[in-house]
Amino acid sequence: MLPEVVDFLESIDEKAREKLYYNLKKSQYVNDNELFKKLNDLIWEFRAQYKGQAYCLFSFWDKTANNKTLVVSTHGIIKKTVKTPLKEIRKAEDIRKQYLDYKAKSK
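Not measured: the values here are computed from a predicted model.

Conventions adopted
Residues numbered from 1 in each chain as written. Predicted model: local features only at pLDDT ≥ 70, side-chain atom pairs only at ≥ 80, totals over all residues. Heavy atoms only, no water. Salt bridge = Lys/Arg side-chain N within 4 Å of Asp/Glu carboxyl O. Helix = DSSP H or I, 4+ residues; strand = E, 2+ residues; numbered from the N terminus. Buried < 20%, exposed > 50% of the residue type's maximum accessible area, 1.4 Å probe, protein only. Core = buried A, V, L, I, M, F, W, Y, C linked by side-chain atoms within 4.5 Å. Contact = heavy atoms within 4.5 Å. Phe/Tyr/Trp six-rings, centres within 6.5 Å; stacked < 30°, edge-to-face > 60°. Pairing = 2+ DSSP bridges. Axes fitted to C-alpha atoms, helices over the stretch in contact; angles between N-to-C directions.

A. View of the pattern of salt bridges. Evaluation of the coordinates by the stated rule reveals 6 salt bridges. In this structure, Glu45 and Lys79 form a salt bridge, with 3.4 Å as the shortest nitrogen-oxygen distance. In this pair, Glu45 sits in strand β2 (residues 44–50) while Lys79 sits in strand β4 (residues 70–79), placing the two residues 34 residues apart along the sequence. On the basis of relative accessible area, Lys79 is assigned to the buried category, the value being 10%. A cluster of three or more residues bridged by salt bridges with shared partners is formed by Glu45, Arg47 and Lys79.

Structural data, given as structure tokens:
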């Protein structure tokens, strides 16, 4: 998780945070679009519902390691509408690009 995700998780209700953690672990074993949904070719969304609110973590796959795939969370939001805001998807894409550029320069 990137720092913005940690800040988001620390800012939300403890029970909502626990539900997100639970869903993150569950998504490792179960393929469920209600938990982990593909938004476009690059960005995915982890989701959890708690007390009528939708909590979302935006993520992408880092397949640059030899034989490991890492899922990197970019940031989180409390979703106010059913549709995922396009600006949040764009933000995740920008963070993904910065992350991969930095990783490539660090080699």
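Having put the structure on the table, let's press on.
B. Up close: the environment of Arg90. For Arg90, the location among the structural elements is in helix α3 (residues 86–105). With 47 residues separating them along the chain, Arg90 and Ile43 place their C-alpha atoms 9.1 Å apart.

C. Broad picture of the nonpolar core. Grouped together as the largest cluster of nonpolar side chains are 13 residues, with contacts concentrated most on Phe8, Leu9, Ile12, Leu20, Phe46, Tyr55 and Leu57. Those elements that place two or more of their residues in this core are α1 (3–11), α2 (14–27), β2 and β3 (53–62). Residues in contact with Ile12, not counting those within four places in the same chain, are Arg17, Leu20, Tyr55 and Ile78. In terms of nonpolar packing, the next biggest core, distinct from the first, is built from 9 residues, Ile43, Val72, Ile89 and Ala92 among them.

D. Examining the packing of aromatic side chains more closely. Summed over the entire model, instances satisfying the criterion amount to 5 aromatic pairs. Taken together, a centroid distance of 4.1 Å and an interplanar angle of 25° make the contact between Phe36 and Phe46 stacked. Taken as a pair, Phe36 in strand β1 (residues 36–38) and Phe46 in strand β2 lie far apart in primary sequence, 10 residues in all. In terms of burial, Phe36 and Phe46 fall into one category: buried. A centroid spacing of 5.3 Å and a plane angle of 65° characterise the contact between Phe60 and Tyr99, whose relative ring orientation is edge-to-face. Separated by 39 residues along the polypeptide, Phe60 in strand β3 and Tyr99 in helix α3 bring together distant segments of the chain. The residues Phe60 and Tyr99 share a single accessibility class, namely buried.

E. Focus on unusual backbone geometry. One non-glycine residue with positive phi stands out, namely Lys51, at about 50°. Counting through the fold element by element, Lys51 comes out in the loop between β2 and β3. Owing to a relative accessible area of 72%, Lys51 belongs among the exposed residues under this scheme.

F. Local environment of the sheet that holds β1. With respect to topology, 4 strands assemble into an open sheet ordered β1-β2-β3-β4, the strand pairing being antiparallel. The sheet is open, and its two borders are formed by β1 and β4, each paired with just one other strand. Each strand axis lies, on average, 30° off the axis of its neighbour in the sheet, ignoring direction. The pairing of β2 with β3 spans 7 bridges and is classified as antiparallel. The residue bridging Phe46 from the neighbouring strand is Leu57, located in β3. Sitting on the sheet, α2 touches β1, β2 and β3, and the angle it makes with β2 is about 135°. Lying over the sheet, α3 contacts β3 and β4, oriented at roughly 150° with respect to β4.

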